[in-house]
Amino acid sequence: MSEESHESAKLWKVNRTIHELVKDRGYRVSDEEINMDLARFRELYSNQSATVDRNQLNFYTNHRVDNSDQIFVFFSEEKSVGVKTMRKLLSILEEKSIQRGIIVFPGNMTPSARKVIVAMAAQFRLEEFSEADLLVNITHHTLVPRHEVLSAEEKKTLLEKYRLKETQLPRIQMADPVARYYGLRRGQVVKIIRPSETSGRYASYRICF
């Protein structure tokens, strides 16, 4: 397999996973993007030299419930993402008036670029994933139970029902791969559903910290 073919096969998997991630967070995504085969992907996104143009993979979409909630996914061509690429992403978000952004990159992210994410947190909610993070959708793994993010109202109902304080709930770290997949923020609660031999299935809850 040529280097271009290997690269396009990798990006095909990454593109599928990031669309699944966005859909699982409640945003509008076409099934065509998720179910696209490799040949069609190459046809749509490769140039004449069989190289995938990452700029063509960028997309934004609206939330299914709140149409004003938009998210923009930006594929970086820069292998090691620096401040310059982060400024480019921020300028696109400002131009489109979008507050949420995900940057996907081939290699790594410099410490200075990560500082931009922290510095802009009050204005933009930025997340980062390397392409290696997205080669496989971890939520499809047989050992990963189903996770459902609770709304603020559902969280309140849960705490009242069991007379619990937030501090009494088991925790899940923000850096946990599943927490990152769903974009959990501090204080959010996730419902984890596992199969049970006696009751069919049972649910547990974890709070992000």
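Residues numbered from 1 in each chain as written. Predicted model: local features only at pLDDT ≥ 70, side-chain atom pairs only at ≥ 80, totals over all residues. Heavy atoms only, no water.

- The name given to the chain in an unreviewed UniProt entry is DNA-directed RNA polymerases I, II, and III subunit RPABC1, and the organism recorded there is Coprinellus micaceus.
- According to the UniProt record, the Sequence similarities (unreviewed entry) comment for the chain reads "Belongs to the archaeal Rpo5/eukaryotic RPB5 RNA polymerase subunit family."
- Of the comments in the UniProt record for the chain, the one headed Subcellular location (unreviewed entry) reads "Nucleus". (UniProt positions renumbered as here; feature names shortened; annotations may be inferred.)

### Notes on the overall build of the chain
So, step 1. Within the chain one finds 7 helices and 10 strands.
So, step 2. Taking 17 Å as the expected radius of gyration for a compact globule of 209 residues, we find that the chain reaches 19 Å, a close match to that expectation.
So, step 3. Projecting the C-alpha coordinates of the chain onto the three principal axes gives extents of approximately 60 × 40 × 30 Å.
So, step 4. Charge centroids of the chain, computed over 33 positive and 28 negative side chains, lie 7 Å from each other. (Helix = DSSP H or I, 4+ residues; strand = E, 2+ residues; numbered from the N terminus. Rg over C-alpha atoms; globule rule 2.2 N^0.38 Å. Lys, Arg positive; Asp, Glu negative; His and termini not counted. Charge placed at Lys NZ, Arg CZ, Asp CG, Glu CD.)

### Description of unusual backbone geometry
Across the chain, the bulk of peptide bonds are trans and the bulk of non-glycine residues have phi less than zero.
So, step 1. At Ala50, a residue that is not glycine, the phi angle is positive and equals roughly 70 degrees.
So, step 2. On the basis of relative accessible area, Ala50 is assigned to the partly exposed category, the value being 38%.
So, step 3. Even without glycine at this site, Arg163 takes up a positive phi of about 50 degrees.
So, step 4. Within the secondary structure, Arg163 is located in the loop between helix H6 (152–161) and strand E8 (171–172). (Buried < 20%, exposed > 50% of the residue type's maximum accessible area, 1.4 Å probe, protein only.)

### Focus on the sheet that holds strand E1 (residues 59–62)
Sheet strands pair by backbone hydrogen bonding; their relative direction is either parallel or antiparallel.
So, step 1. Pairing in this open sheet of 4 strands is mixed, and the strands run E1-E2-E4-E6 from one edge to the other. Of all the strands in the sheet, just E1 and strand E6 (125–130) have a single pairing partner and so form its edges. Direction aside, neighbouring strands of the sheet carry axes that sit 15 degrees apart on average.
So, step 2. Looking at chain direction, strand E4 (residues 100–105) and E6 are connected through 6 bridges and run parallel. Across the sheet, Ile103 pairs through a bridge with Glu128, a residue of E6.
So, step 3. Running at roughly 165 degrees to strand E2 (residues 70–75), helix H1 (residues 3–24) makes contact with E1, E2, E4 and E6 of the sheet.
So, step 4. Against the sheet, helix H4 (residues 83–96) engages E1, E2, E4 and E6, with an angle of about 150 degrees to E2. (Pairing = 2+ DSSP bridges. Axes fitted to C-alpha atoms, helices over the stretch in contact; angles between N-to-C directions. Contact = heavy atoms within 4.5 Å.)

### A word on the side chain of Ser8
So, step 1. Residue placement: Ser8 occurs in helix H1.
So, step 2. If we ignore the near neighbours within four places in the chain, the residues touching Ser8 are Leu38, Phe41, Arg42 and Val52.

### Examining the side chain of Thr139
So, step 1. Topologically, Thr139 is positioned in the loop between E6 and strand E7 (146–149).
So, step 2. Separated by 2.6 Å, the side chains of Thr139 and Asn137 make a polar contact. (Polar contact = N/O pair within 3.5 Å; in protein donor to acceptor, adjacent residues only side chain to side chain.)

### Side note on the domain arrangement of the chain
So, step 1. According to the domain assignment, the chain contains domain 1 (3–136) and domain 2 (139–208).
So, step 2. Domain 1 and domain 2 are separated by 26 Å when their C-alpha centres are compared.
So, step 3. Contacts between the two partners involve 9 residues from domain 1 and, on the opposite side, 8 residues from domain 2.
So, step 4. Taking both sides of the interface into account, the surface hidden between domain 1 and domain 2 amounts to around 780 Å²; carbon and sulfur atoms contribute 43%.
So, step 5. Of all residues in domain 1, Asp24, Arg25 and Arg125 give up the largest surface area on contact with domain 2, accounting jointly for 53% of the area buried on that side.
So, step 6. Seen at the junction of domain 1 and domain 2, the total is 1 salt bridge.
So, step 7. Of the charged contacts in the structure, one is a salt bridge between Asp133 and Arg180, with a shortest N-O distance of 3.6 Å.
So, step 8. Linking domain 1 with domain 2 are 7 residue pairs in polar contact (both at pLDDT 80 or more), by the criterion used here.
So, step 9. Elements supplying a minimum of two residues to the side of domain 1 that touches domain 2: H1 and E6.
So, step 10. At 4 residues, E6 tops the list of elements feeding residues into the side of domain 1 that touches domain 2.
So, step 11. Class assignment of the residues belonging to the side of domain 1 that touches domain 2 gives a composition of 2 nonpolar, no polar and 7 charged. (Domains from an automatic or database assignment. Buried area = accessible area lost by both parts, 1.4 Å probe. Salt bridge = Lys/Arg side-chain N within 4 Å of Asp/Glu carboxyl O. Nonpolar A, V, L, I, M, F, W, Y, C, P; charged D, E, K, R; others polar.)

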